[in-house]
Amino acid sequence: MSSRGYEAVIGIEIHVQLSTKTKIFSSESTAFEAGDNENTSPVSVGMPGSLPVLNSKVVEYSIKTGLALGCDIRRKSVFARKNYFYPDLPKGYQISQYDQPICENGSITFKVDGKEKTVSITRAHMEEDAGKSNHHGEYTLINYNRSGIPLLEVVSGPDMRTPQEAAEYARTIRQIVRYLDVCDGNLEEGSLRCDCNVSVRKEGATQFGTKVEIKNINSFRFVEKAIEYEIERQIDCVERGDKIIQETRLWDPDKNRTFSMRAKEDAQDYRYFPDPDLQPVIVTDSIIEKYKKELPELPIARAKRFQDEHALPELDATVLTTEKDLADFYEDTAKESRNFKASSNWIMTELLRELNSANKNIKDSPIKPAQLGKMIAMIDKGTISGKIAKTIFQEMWASGNDPEVIMKDKGLVQISDPAAIEKLVDEVLAANAQTVEDHKSGKKKNLFGFFVGAVMKASKGQANPDLVNKILLEKLK
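Cut-offs and rules
- Residues numbered from 1 in each chain as written.
- Predicted model: local features only at pLDDT ≥ 70, side-chain atom pairs only at ≥ 80, totals over all residues.
- Heavy atoms only, no water.
- Helix = DSSP H or I, 4+ residues; strand = E, 2+ residues; numbered from the N terminus.
- Rg over C-alpha atoms; globule rule 2.2 N^0.38 Å.
- Buried < 20%, exposed > 50% of the residue type's maximum accessible area, 1.4 Å probe, protein only.
- Contact = heavy atoms within 4.5 Å.
- Areas by Shrake-Rupley, 256 points an atom, 1.4 Å probe, with all protein chains shown as cover.
- Lys, Arg positive; Asp, Glu negative; His and termini not counted.
- Charge placed at Lys NZ, Arg CZ, Asp CG, Glu CD.
- Expected span 1.5 Å × (residues − 1).
- Pairing = 2+ DSSP bridges.
- Axes fitted to C-alpha atoms, helices over the stretch in contact; angles between N-to-C directions.
- Parallel < 35°, antiparallel > 145°, perpendicular 65-115°, else oblique.
- Left-handed = near helix turned anticlockwise from the far one by under 90°.
- Core = buried A, V, L, I, M, F, W, Y, C linked by side-chain atoms within 4.5 Å.
- Phe/Tyr/Trp six-rings, centres within 6.5 Å; stacked < 30°, edge-to-face > 60°.
- Lys NZ or Arg CZ within 6 Å of the ring centre and 35° of its normal.

Draft legend 1. Seen up close, the overall build of the protein chain. Counting its regular elements, the protein chain contains 15 helices and 17 strands. At 30 Å, the protein chain has a C-alpha radius of gyration far larger than the 23 Å of a compact globule built from 477 residues. With respect to the three principal axes, the spread of C-alpha positions in the protein chain is 95 × 55 × 50 Å. Among the 477 residues that make up the protein chain, the fraction classed as buried is 49%. Taking all contacts inside the protein chain whose residues are at least 6 apart in sequence as the whole, residues at least 24 apart take part in 68%. Carbon and sulfur atoms provide 49% of the accessible area of the protein chain, an area that totals close to 23,800 Å². Between the centroid of the 67 positive side chains of the protein chain and the centroid of its 73 negative side chains there is a distance of 3 Å.

Have a look at this one:
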(Lines give C-alpha, C1' and ligand atoms only; values in the text may rest on other atoms or scores of the structure.)
Protein backbone atom coordinates (compact mmCIF):
# COMPACT_ATOMS: atom_id res chain seq x y z
CA MET A 1 0.00 0.00 0.00
CA SER A 2 1.26 3.45 -0.73
CA SER A 3 0.11 6.71 0.75
CA ARG A 4 0.75 9.99 -1.07
CA GLY A 5 3.48 8.32 -3.13
CA TYR A 6 5.27 6.83 -0.10
CA GLU A 7 5.68 3.24 1.02
CA ALA A 8 5.74 2.14 4.66
CA VAL A 9 8.32 -0.36 5.93
CA ILE A 10 7.25 -2.16 9.09
CA GLY A 11 8.92 -4.69 11.34
CA ILE A 12 7.65 -5.92 14.70
CA GLU A 13 9.32 -7.16 17.87
CA ILE A 14 6.87 -9.22 19.91
CA HIS A 15 7.62 -9.96 23.56
CA VAL A 16 6.08 -13.32 24.33
CA GLN A 17 5.79 -14.11 28.03
CA LEU A 18 6.52 -17.80 28.44
CA SER A 19 4.05 -19.63 30.67
CA THR A 20 6.49 -21.01 33.19
CA LYS A 21 5.54 -21.27 36.85
CA THR A 22 8.73 -19.57 37.99
CA LYS A 23 10.94 -16.79 36.66
CA ILE A 24 13.71 -17.22 34.13
CA PHE A 25 16.64 -17.05 36.57
CA SER A 26 15.06 -17.51 40.02
CA SER A 27 12.36 -19.50 41.80
CA GLU A 28 9.70 -16.84 42.50
CA SER A 29 6.21 -17.37 41.13
CA THR A 30 5.16 -15.68 37.90
CA ALA A 31 1.52 -15.41 39.06
CA PHE A 32 -0.04 -12.21 37.75
CA GLU A 33 -2.46 -11.77 40.63
CA ALA A 34 0.25 -11.49 43.32
CA GLY A 35 0.38 -8.37 45.51
CA ASP A 36 2.81 -5.57 44.65
CA ASN A 37 6.44 -6.67 45.05
CA GLU A 38 5.35 -10.03 46.46
CA ASN A 39 7.21 -12.07 43.84
CA THR A 40 10.73 -10.74 44.26
CA SER A 41 14.07 -12.10 45.39
CA PRO A 42 17.70 -10.93 45.53
CA VAL A 43 18.21 -12.44 42.05
CA SER A 44 15.27 -10.77 40.31
CA VAL A 45 16.08 -7.32 41.72
CA GLY A 46 19.81 -7.77 41.11
CA MET A 47 21.19 -7.65 44.65
CA PRO A 48 25.02 -7.86 44.80
CA GLY A 49 26.27 -11.41 45.13
CA SER A 50 23.11 -13.06 43.83
CA LEU A 51 23.54 -15.49 40.97
CA PRO A 52 21.05 -16.40 38.21
CA VAL A 53 20.13 -20.03 37.46
CA LEU A 54 18.48 -20.68 34.09
CA ASN A 55 14.96 -22.19 34.12
CA SER A 56 15.09 -25.17 31.74
CA LYS A 57 11.39 -24.74 30.82
CA VAL A 58 12.28 -21.39 29.25
CA VAL A 59 14.72 -23.13 26.93
CA GLU A 60 12.18 -25.83 26.04
CA TYR A 61 9.40 -23.33 25.28
CA SER A 62 11.77 -21.14 23.27
CA ILE A 63 12.94 -24.04 21.14
CA LYS A 64 9.38 -25.21 20.50
CA THR A 65 8.35 -21.70 19.47
CA GLY A 66 11.38 -21.40 17.22
CA LEU A 67 10.58 -24.71 15.53
CA ALA A 68 6.94 -23.65 15.01
CA LEU A 69 8.20 -20.44 13.39
CA GLY A 70 10.45 -22.40 11.05
CA CYS A 71 13.63 -21.14 12.73
CA ASP A 72 17.05 -22.71 12.90
CA ILE A 73 17.89 -23.61 16.51
CA ARG A 74 21.39 -22.66 17.57
CA ARG A 75 23.31 -25.53 19.18
CA LYS A 76 25.06 -22.93 21.29
CA SER A 77 23.46 -19.68 22.33
CA VAL A 78 24.76 -17.11 24.78
CA PHE A 79 23.18 -14.77 27.31
CA ALA A 80 24.48 -11.21 27.26
CA ARG A 81 24.13 -8.17 29.47
CA LYS A 82 22.29 -5.25 27.88
CA ASN A 83 23.45 -2.26 29.89
CA TYR A 84 21.17 0.67 30.60
CA PHE A 85 19.82 2.39 33.66
CA TYR A 86 16.15 2.69 34.39
CA PRO A 87 14.42 2.70 37.79
CA ASP A 88 12.56 -0.53 37.09
CA LEU A 89 15.87 -2.26 36.26
CA PRO A 90 17.80 -1.84 39.53
CA LYS A 91 20.86 -3.89 38.61
CA GLY A 92 21.59 -1.61 35.64
CA TYR A 93 21.45 -4.30 32.98
CA GLN A 94 18.98 -6.71 31.43
CA ILE A 95 19.97 -10.31 30.80
CA SER A 96 19.14 -10.94 27.16
CA GLN A 97 20.75 -12.53 24.11
CA TYR A 98 22.61 -10.51 21.52
CA ASP A 99 24.75 -11.96 18.74
CA GLN A 100 24.01 -15.63 19.52
CA PRO A 101 20.22 -15.96 19.98
CA ILE A 102 18.64 -19.36 20.41
CA CYS A 103 16.43 -19.11 17.27
CA GLU A 104 17.00 -17.39 13.93
CA ASN A 105 16.10 -17.39 10.22
CA GLY A 106 12.46 -18.46 10.30
CA SER A 107 9.28 -17.28 8.60
CA ILE A 108 5.51 -17.46 8.91
CA THR A 109 2.76 -17.27 6.31
CA PHE A 110 -0.72 -15.92 6.94
CA LYS A 111 -3.56 -14.37 4.97
CA VAL A 112 -4.52 -10.70 4.74
CA ASP A 113 -7.69 -9.89 2.78
CA GLY A 114 -7.58 -13.36 1.25
CA LYS A 115 -3.99 -13.06 0.02
CA GLU A 116 -1.04 -14.98 1.44
CA LYS A 117 1.71 -12.97 3.10
CA THR A 118 5.04 -14.35 4.28
CA VAL A 119 7.08 -12.50 6.90
CA SER A 120 10.61 -13.49 7.84
CA ILE A 121 11.58 -14.08 11.45
CA THR A 122 15.07 -12.66 11.88
CA ARG A 123 15.57 -14.05 15.36
CA ALA A 124 13.90 -15.05 18.61
CA HIS A 125 15.89 -14.67 21.79
CA MET A 126 15.35 -15.36 25.48
CA GLU A 127 15.50 -12.54 27.99
CA GLU A 128 14.18 -11.35 31.33
CA ASP A 129 11.54 -8.68 31.73
CA ALA A 130 12.13 -5.53 33.79
CA GLY A 131 9.88 -4.27 36.60
CA LYS A 132 6.88 -2.05 36.03
CA SER A 133 6.73 1.69 36.72
CA ASN A 134 3.35 3.02 37.80
CA HIS A 135 3.22 6.78 37.37
CA HIS A 136 1.02 8.84 39.68
CA GLY A 137 1.31 12.53 38.92
CA GLU A 138 4.52 13.75 40.54
CA TYR A 139 5.71 10.40 41.82
CA THR A 140 6.24 6.88 40.51
CA LEU A 141 5.77 3.53 42.23
CA ILE A 142 7.68 0.50 41.02
CA ASN A 143 6.47 -3.08 41.14
CA TYR A 144 9.28 -5.61 40.69
CA ASN A 145 7.00 -8.62 40.30
CA ARG A 146 7.73 -8.58 36.56
CA SER A 147 11.50 -8.47 37.08
CA GLY A 148 12.79 -11.76 35.75
CA ILE A 149 9.55 -12.81 34.03
CA PRO A 150 10.71 -15.02 31.10
CA LEU A 151 10.28 -13.55 27.64
CA LEU A 152 10.98 -14.72 24.14
CA GLU A 153 11.42 -11.70 21.89
CA VAL A 154 10.38 -12.59 18.34
CA VAL A 155 11.87 -10.17 15.81
CA SER A 156 10.43 -9.97 12.31
CA GLY A 157 12.15 -8.74 9.19
CA PRO A 158 11.06 -5.35 7.76
CA ASP A 159 8.66 -7.19 5.46
CA MET A 160 5.29 -5.62 6.16
CA ARG A 161 3.93 -2.70 4.18
CA THR A 162 0.51 -1.99 5.70
CA PRO A 163 -0.93 -1.63 9.21
CA GLN A 164 -3.32 -4.49 8.39
CA GLU A 165 -0.42 -6.83 7.59
CA ALA A 166 1.28 -5.86 10.86
CA ALA A 167 -1.82 -6.52 12.94
CA GLU A 168 -2.44 -9.88 11.24
CA TYR A 169 1.20 -10.87 11.74
CA ALA A 170 0.87 -10.17 15.48
CA ARG A 171 -2.40 -12.13 15.65
CA THR A 172 -0.72 -15.08 13.94
CA ILE A 173 2.18 -15.11 16.39
CA ARG A 174 -0.30 -15.07 19.29
CA GLN A 175 -2.28 -17.91 17.69
CA ILE A 176 0.86 -20.03 17.30
CA VAL A 177 2.20 -19.58 20.85
CA ARG A 178 -1.26 -20.34 22.24
CA TYR A 179 -1.44 -23.52 20.12
CA LEU A 180 1.96 -24.48 21.53
CA ASP A 181 0.69 -23.73 25.05
CA VAL A 182 3.87 -21.77 25.79
CA CYS A 183 2.08 -18.42 26.34
CA ASP A 184 -1.47 -17.55 27.36
CA GLY A 185 -1.47 -14.58 24.95
CA ASN A 186 -3.28 -12.43 27.50
CA LEU A 187 -2.82 -8.93 26.09
CA GLU A 188 -4.45 -7.15 29.03
CA GLU A 189 -2.01 -8.71 31.49
CA GLY A 190 0.99 -7.96 29.27
CA SER A 191 1.69 -11.55 28.24
CA LEU A 192 2.16 -10.35 24.66
CA ARG A 193 3.45 -6.88 23.78
CA CYS A 194 4.37 -5.42 20.43
CA ASP A 195 7.09 -2.92 19.56
CA CYS A 196 6.47 -1.69 16.02
CA ASN A 197 9.32 -0.28 13.91
CA VAL A 198 8.01 2.03 11.22
CA SER A 199 9.71 4.04 8.49
CA VAL A 200 8.59 5.52 5.17
CA ARG A 201 10.33 5.93 1.84
CA LYS A 202 9.39 7.17 -1.59
CA GLU A 203 7.64 4.56 -3.69
CA GLY A 204 10.24 2.66 -5.70
CA ALA A 205 13.14 3.62 -3.37
CA THR A 206 15.28 0.76 -2.08
CA GLN A 207 16.98 2.45 0.86
CA PHE A 208 15.17 2.35 4.20
CA GLY A 209 14.09 5.59 5.88
CA THR A 210 14.82 6.46 9.50
CA LYS A 211 13.15 3.93 11.78
CA VAL A 212 10.88 4.98 14.64
CA GLU A 213 9.86 2.50 17.33
CA ILE A 214 6.35 2.53 18.83
CA LYS A 215 6.72 0.65 22.09
CA ASN A 216 4.60 -1.64 24.26
CA ILE A 217 1.37 -1.87 22.28
CA ASN A 218 -0.93 -4.47 23.85
CA SER A 219 -3.81 -4.55 21.37
CA PHE A 220 -3.92 -5.63 17.73
CA ARG A 221 -6.37 -2.82 16.97
CA PHE A 222 -3.93 -0.35 18.51
CA VAL A 223 -1.08 -1.87 16.45
CA GLU A 224 -3.06 -1.00 13.34
CA LYS A 225 -4.12 2.47 14.47
CA ALA A 226 -0.68 3.43 15.85
CA ILE A 227 1.06 2.44 12.63
CA GLU A 228 -1.55 4.25 10.52
CA TYR A 229 -0.94 7.41 12.50
CA GLU A 230 2.84 7.04 12.45
CA ILE A 231 2.96 6.57 8.67
CA GLU A 232 1.02 9.77 8.09
CA ARG A 233 3.08 11.66 10.69
CA GLN A 234 6.36 10.65 9.07
CA ILE A 235 5.12 11.53 5.58
CA ASP A 236 4.07 14.94 6.88
CA CYS A 237 7.58 15.40 8.34
CA VAL A 238 9.25 14.51 5.04
CA GLU A 239 6.90 16.74 3.04
CA ARG A 240 7.69 19.66 5.34
CA GLY A 241 11.40 19.03 4.92
CA ASP A 242 11.80 18.05 8.59
CA LYS A 243 14.19 15.33 9.66
CA ILE A 244 12.69 12.16 11.11
CA ILE A 245 14.33 11.46 14.46
CA GLN A 246 15.31 7.93 15.42
CA GLU A 247 13.34 7.63 18.61
CA THR A 248 11.01 5.54 20.73
CA ARG A 249 7.41 6.72 20.78
CA LEU A 250 4.34 5.65 22.72
CA TRP A 251 0.78 5.25 21.48
CA ASP A 252 -1.95 7.24 23.22
CA PRO A 253 -5.24 5.43 22.45
CA ASP A 254 -7.32 8.23 23.94
CA LYS A 255 -5.82 10.90 21.67
CA ASN A 256 -5.21 8.54 18.73
CA ARG A 257 -1.62 9.67 18.30
CA THR A 258 1.94 8.70 19.09
CA PHE A 259 4.21 10.91 21.18
CA SER A 260 7.93 10.94 21.77
CA MET A 261 9.21 8.94 24.74
CA ARG A 262 12.99 9.05 24.33
CA ALA A 263 15.76 9.03 21.75
CA LYS A 264 16.39 5.53 20.40
CA GLU A 265 19.76 4.05 21.19
CA ASP A 266 21.84 1.97 18.80
CA ALA A 267 23.01 -1.51 19.74
CA GLN A 268 26.51 -0.23 20.57
CA ASP A 269 25.03 2.12 23.17
CA TYR A 270 23.99 -0.86 25.26
CA ARG A 271 27.57 -2.18 25.49
CA TYR A 272 26.50 -5.80 25.23
CA PHE A 273 28.88 -8.42 26.58
CA PRO A 274 28.43 -12.11 27.49
CA ASP A 275 27.00 -12.56 30.99
CA PRO A 276 29.83 -14.00 33.09
CA ASP A 277 27.36 -15.58 35.54
CA LEU A 278 25.64 -17.78 32.96
CA GLN A 279 27.01 -20.66 30.93
CA PRO A 280 26.25 -20.84 27.19
CA VAL A 281 23.08 -22.79 26.41
CA ILE A 282 24.01 -26.01 24.61
CA VAL A 283 21.24 -27.77 22.69
CA THR A 284 21.75 -31.23 21.23
CA ASP A 285 20.19 -32.67 18.07
CA SER A 286 18.30 -35.24 20.14
CA ILE A 287 16.69 -32.51 22.25
CA ILE A 288 15.57 -30.67 19.13
CA GLU A 289 14.14 -33.86 17.64
CA LYS A 290 12.32 -34.62 20.89
CA TYR A 291 10.66 -31.18 20.99
CA LYS A 292 9.88 -31.35 17.27
CA LYS A 293 7.89 -34.55 17.87
CA GLU A 294 5.97 -32.85 20.69
CA LEU A 295 4.76 -29.97 18.52
CA PRO A 296 0.99 -29.91 17.96
CA GLU A 297 -0.57 -29.53 14.53
CA LEU A 298 -0.40 -25.77 13.91
CA PRO A 299 -3.42 -23.67 12.90
CA ILE A 300 -2.67 -23.23 9.19
CA ALA A 301 -1.99 -26.94 8.70
CA ARG A 302 -5.06 -27.84 10.74
CA ALA A 303 -7.28 -25.50 8.72
CA LYS A 304 -6.00 -27.06 5.50
CA ARG A 305 -6.77 -30.55 6.84
CA PHE A 306 -10.29 -29.48 7.76
CA GLN A 307 -10.76 -28.30 4.18
CA ASP A 308 -9.14 -31.35 2.55
CA GLU A 309 -10.43 -34.15 4.77
CA HIS A 310 -13.67 -32.73 6.18
CA ALA A 311 -14.65 -30.77 3.05
CA LEU A 312 -15.27 -27.64 5.12
CA PRO A 313 -15.32 -24.24 3.36
CA GLU A 314 -12.27 -22.04 3.95
CA LEU A 315 -14.26 -19.70 6.19
CA ASP A 316 -15.36 -22.54 8.49
CA ALA A 317 -11.85 -23.99 8.66
CA THR A 318 -10.36 -20.59 9.45
CA VAL A 319 -12.87 -19.75 12.18
CA LEU A 320 -12.66 -23.19 13.81
CA THR A 321 -8.85 -23.07 14.01
CA THR A 322 -8.51 -19.60 15.51
CA GLU A 323 -8.00 -21.25 18.90
CA LYS A 324 -6.70 -24.74 19.62
CA ASP A 325 -9.46 -25.39 22.17
CA LEU A 326 -12.11 -24.47 19.60
CA ALA A 327 -10.54 -26.73 16.97
CA ASP A 328 -10.38 -29.57 19.50
CA PHE A 329 -14.04 -28.99 20.40
CA TYR A 330 -15.03 -29.16 16.74
CA GLU A 331 -13.08 -32.37 16.11
CA ASP A 332 -14.53 -34.07 19.20
CA THR A 333 -18.05 -33.02 18.17
CA ALA A 334 -17.59 -34.25 14.61
CA LYS A 335 -16.19 -37.54 15.89
CA GLU A 336 -19.45 -38.11 17.80
CA SER A 337 -21.85 -36.77 15.16
CA ARG A 338 -20.01 -38.12 12.09
CA ASN A 339 -21.27 -35.02 10.30
CA PHE A 340 -18.48 -32.46 9.73
CA LYS A 341 -20.49 -29.63 8.20
CA ALA A 342 -23.39 -29.85 10.65
CA SER A 343 -20.91 -29.86 13.55
CA SER A 344 -19.22 -26.79 12.11
CA ASN A 345 -22.56 -25.03 11.60
CA TRP A 346 -23.84 -25.64 15.12
CA ILE A 347 -20.55 -24.50 16.68
CA MET A 348 -20.10 -21.42 14.48
CA THR A 349 -23.66 -20.19 14.89
CA GLU A 350 -25.52 -21.40 17.98
CA LEU A 351 -22.63 -22.23 20.29
CA LEU A 352 -20.32 -19.27 19.54
CA ARG A 353 -23.30 -16.90 19.78
CA GLU A 354 -24.14 -18.20 23.27
CA LEU A 355 -20.50 -18.14 24.36
CA ASN A 356 -20.04 -14.56 23.18
CA SER A 357 -23.27 -13.48 24.80
CA ALA A 358 -22.26 -15.07 28.13
CA ASN A 359 -18.64 -13.86 27.77
CA LYS A 360 -17.39 -17.42 28.15
CA ASN A 361 -14.61 -19.21 26.32
CA ILE A 362 -15.01 -22.62 24.73
CA LYS A 363 -13.42 -24.39 27.70
CA ASP A 364 -16.23 -23.10 29.91
CA SER A 365 -19.03 -24.18 27.60
CA PRO A 366 -21.80 -25.99 29.54
CA ILE A 367 -22.42 -28.03 26.39
CA LYS A 368 -19.70 -30.61 25.81
CA PRO A 369 -18.65 -31.97 22.40
CA ALA A 370 -20.13 -35.42 23.10
CA GLN A 371 -23.53 -33.87 23.86
CA LEU A 372 -23.56 -31.62 20.81
CA GLY A 373 -22.33 -34.43 18.57
CA LYS A 374 -25.04 -36.75 19.93
CA MET A 375 -27.74 -34.14 19.28
CA ILE A 376 -26.58 -33.68 15.68
CA ALA A 377 -26.63 -37.46 15.18
CA MET A 378 -30.22 -37.50 16.51
CA ILE A 379 -31.20 -34.98 13.81
CA ASP A 380 -29.52 -37.07 11.12
CA LYS A 381 -31.33 -40.21 12.30
CA GLY A 382 -34.68 -38.38 12.17
CA THR A 383 -35.21 -38.75 15.91
CA ILE A 384 -35.65 -34.99 16.27
CA SER A 385 -36.18 -32.16 13.82
CA GLY A 386 -33.87 -29.19 13.39
CA LYS A 387 -36.44 -27.03 15.14
CA ILE A 388 -36.70 -29.36 18.12
CA ALA A 389 -32.90 -29.50 18.20
CA LYS A 390 -32.80 -25.76 18.84
CA THR A 391 -35.07 -26.24 21.86
CA ILE A 392 -32.88 -29.09 23.12
CA PHE A 393 -29.75 -27.01 22.51
CA GLN A 394 -31.11 -24.24 24.73
CA GLU A 395 -31.96 -26.79 27.43
CA MET A 396 -28.46 -28.27 27.20
CA TRP A 397 -26.97 -24.78 27.51
CA ALA A 398 -29.06 -24.08 30.60
CA SER A 399 -28.75 -27.44 32.35
CA GLY A 400 -25.80 -29.25 30.77
CA ASN A 401 -28.03 -32.35 30.48
CA ASP A 402 -27.79 -35.09 27.88
CA PRO A 403 -29.86 -34.31 24.72
CA GLU A 404 -31.62 -37.69 24.79
CA VAL A 405 -32.69 -37.17 28.41
CA ILE A 406 -34.02 -33.71 27.57
CA MET A 407 -35.89 -35.06 24.56
CA LYS A 408 -37.65 -37.74 26.66
CA ASP A 409 -38.34 -35.48 29.64
CA LYS A 410 -39.84 -32.76 27.44
CA GLY A 411 -41.67 -35.12 25.08
CA LEU A 412 -39.80 -33.75 22.08
CA VAL A 413 -39.55 -36.90 19.99
CA GLN A 414 -40.13 -36.12 16.32
CA ILE A 415 -43.41 -37.40 14.85
CA SER A 416 -42.39 -39.52 11.86
CA ASP A 417 -45.51 -41.66 11.58
CA PRO A 418 -47.06 -40.82 8.14
CA ALA A 419 -50.57 -41.63 9.37
CA ALA A 420 -50.27 -39.28 12.35
CA ILE A 421 -48.94 -36.48 10.16
CA GLU A 422 -51.63 -37.04 7.54
CA LYS A 423 -54.26 -36.66 10.27
CA LEU A 424 -52.73 -33.31 11.29
CA VAL A 425 -52.60 -32.19 7.65
CA ASP A 426 -56.27 -33.08 7.15
CA GLU A 427 -57.26 -31.12 10.23
CA VAL A 428 -55.33 -28.06 9.07
CA LEU A 429 -56.78 -28.20 5.54
CA ALA A 430 -60.30 -28.62 6.89
CA ALA A 431 -59.89 -25.63 9.15
CA ASN A 432 -58.66 -23.50 6.24
CA ALA A 433 -60.97 -24.53 3.42
CA GLN A 434 -61.13 -21.09 1.76
CA THR A 435 -57.33 -20.79 1.78
CA VAL A 436 -57.09 -24.23 0.21
CA GLU A 437 -59.48 -23.10 -2.49
CA ASP A 438 -57.51 -19.90 -3.09
CA HIS A 439 -54.31 -21.96 -3.39
CA LYS A 440 -55.75 -24.53 -5.79
CA SER A 441 -57.42 -21.90 -8.01
CA GLY A 442 -54.27 -19.80 -8.08
CA LYS A 443 -56.22 -16.83 -6.74
CA LYS A 444 -53.53 -16.30 -4.14
CA LYS A 445 -49.87 -17.22 -4.55
CA ASN A 446 -47.25 -18.57 -2.19
CA LEU A 447 -49.65 -20.20 0.28
CA PHE A 448 -47.78 -23.49 0.57
CA GLY A 449 -45.55 -22.15 3.33
CA PHE A 450 -48.64 -21.13 5.28
CA PHE A 451 -49.89 -24.73 5.33
CA VAL A 452 -46.47 -26.09 6.33
CA GLY A 453 -46.28 -23.61 9.18
CA ALA A 454 -49.82 -24.43 10.32
CA VAL A 455 -49.13 -28.18 10.41
CA MET A 456 -45.83 -27.66 12.26
CA LYS A 457 -47.62 -25.42 14.74
CA ALA A 458 -50.37 -28.01 15.22
CA SER A 459 -47.70 -30.64 15.93
CA LYS A 460 -45.91 -28.30 18.36
CA GLY A 461 -42.90 -28.40 16.08
CA GLN A 462 -42.58 -32.18 16.37
CA ALA A 463 -43.74 -33.26 12.91
CA ASN A 464 -41.09 -34.46 10.49
CA PRO A 465 -40.83 -31.50 8.07
CA ASP A 466 -39.98 -33.70 5.08
CA LEU A 467 -43.10 -35.81 5.61
CA VAL A 468 -45.22 -32.71 6.16
CA ASN A 469 -44.06 -31.28 2.83
CA LYS A 470 -44.57 -34.57 1.03
CA ILE A 471 -48.13 -35.13 2.31
CA LEU A 472 -49.14 -31.50 1.74
CA LEU A 473 -47.92 -31.67 -1.85
CA GLU A 474 -50.11 -34.70 -2.42
CA LYS A 475 -53.16 -33.20 -0.73
CA LEU A 476 -52.93 -29.81 -2.45
CA LYS A 477 -52.62 -31.10 -6.00
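After that view of the structure, there is still more to cover.
Draft legend 2. Spatial organisation of helix 2 (residues 163–180). Between the first and last C-alpha of helix 2 there are 26 Å, a value that for 18 residues agrees with the 26 Å anticipated at 1.5 Å per step. Just downstream of helix 2, Asp-181 is the residue with a positive phi angle, here 65°.

Draft legend 3. Just the pairing of strand 12 (residues 192–202), in detail. Of all 11 residues in strand 12, 10 are buried, a share of seventy percent or more. Pairing of strand 12 with strand 13 (residues 212–217), which is carried by 4 bridges, proceeds in the antiparallel orientation. The residue of strand 13 that forms the bridge with Cys-196 is Ile-214.

Draft legend 4. Main features of the packing of helix 7 (residues 324–337) against helix 9 (residues 369–381). Put simply, helix 7 and helix 9 touch, their axes get as near as 7 Å, and they point 40° apart. Overall, the two elements helix 7 and helix 9 adopt an arrangement that is oblique. Between helix 7 and helix 9 the crossing geometry is right-handed. The segment helix 7 lies against helix 9, with Phe-329, Asp-332, Thr-333, Glu-336 and Ser-337 engaging Pro-369, Ala-370, Leu-372, Gly-373, Lys-374, Ile-376, Ala-377 and Asp-380.

Draft legend 5. Representation of the pairing of strand 11 (residues 150–156) within the structure. Counted residue by residue, strand 11 has 7 buried out of 7 residues, so it is predominantly covered. The alternating pattern of strand 11 places Pro-150, Leu-152, Val-154 and Ser-156 on one face and Leu-151, Glu-153 and Val-155 on the opposite face, and all of these are buried. As paired strands, strand 2 (residues 6–17) and strand 11 are joined by 5 bridges and run antiparallel to one another. Following the sheet pairing, Gln-17 is matched in strand 11 by Leu-151. As judged from the 7 bridges shared by strand 8 (residues 115–128) and strand 11, these two strands associate in the antiparallel manner. By the bridge assignment for strand 11, Glu-128 is matched with Pro-150.

Draft legend 6. Structural detail: the nonpolar core. Ranked by size, the top nonpolar core spans 68 residues in total, and within it Ile-12, Ile-14, Val-16, Val-154, Tyr-169 and Ile-173 carry the most contacts. Once you skip the residues sitting within four places of it in the chain, Ile-14 turns out to touch Leu-152, Glu-153, Val-154, Tyr-169, Ala-170, Ile-173, Leu-192, Arg-193 and Cys-194. Listed in part, the 33 residues of the second largest apolar core include Leu-312, Leu-355, Met-378 and Leu-412.

Draft legend 7. Looking closely at the sheet that holds strand 5 (residues 79–83). Strand order in the open sheet formed by 3 strands is 6-5-16, with antiparallel pairing between adjacent strands. With partners counted over all chains shown, the strands left at the sheet margins are strand 6 (93–97) and strand 16 (273–274), one partner each. Here strand 5 runs beside strand 16; their pairing, made up of 2 bridges, is antiparallel. Pairing of Ala-80 across the sheet is with Pro-274, part of strand 16.

Draft legend 8. The packing of aromatic side chains, seen in detail. Applying the stated criterion to the full structure yields 9 aromatic pairs. Seen in terms of ring centroids, Phe-110 and Tyr-169 are 6.3 Å apart; in terms of plane orientation they differ by 55°. Their pairing is tilted. Taken together, the residues Phe-110 in strand 7 (residues 103–112) and Tyr-169 in helix 2 connect sequence positions 59 residues apart. Residue Phe-110 is classed as buried on the basis of its relative accessible area of 4%. Pairing Trp-346 with Phe-393 gives two aromatic rings, centres 5.7 Å apart and planes at 35°, and the pair type is tilted. Of this pair, Trp-346 sits in helix 8 (residues 340–358) while Phe-393 sits in helix 10 (residues 386–399), and the two are 47 residues apart along the sequence. Given a relative accessible area of 0%, Phe-393 falls into the buried group. Ring pairing ties together the aromatic residues Tyr-84, Tyr-98, Tyr-270 and Tyr-272, which thus form one cluster. Positioned over the ring face of Tyr-270 is Lys-82, at 4.5 Å from the centre of the ring. Over the ring of Tyr-86 we find Arg-262, and its NZ or CZ is 5.8 Å from the ring centre.

By themselves, these figures tell us nothing about what the structure is for.
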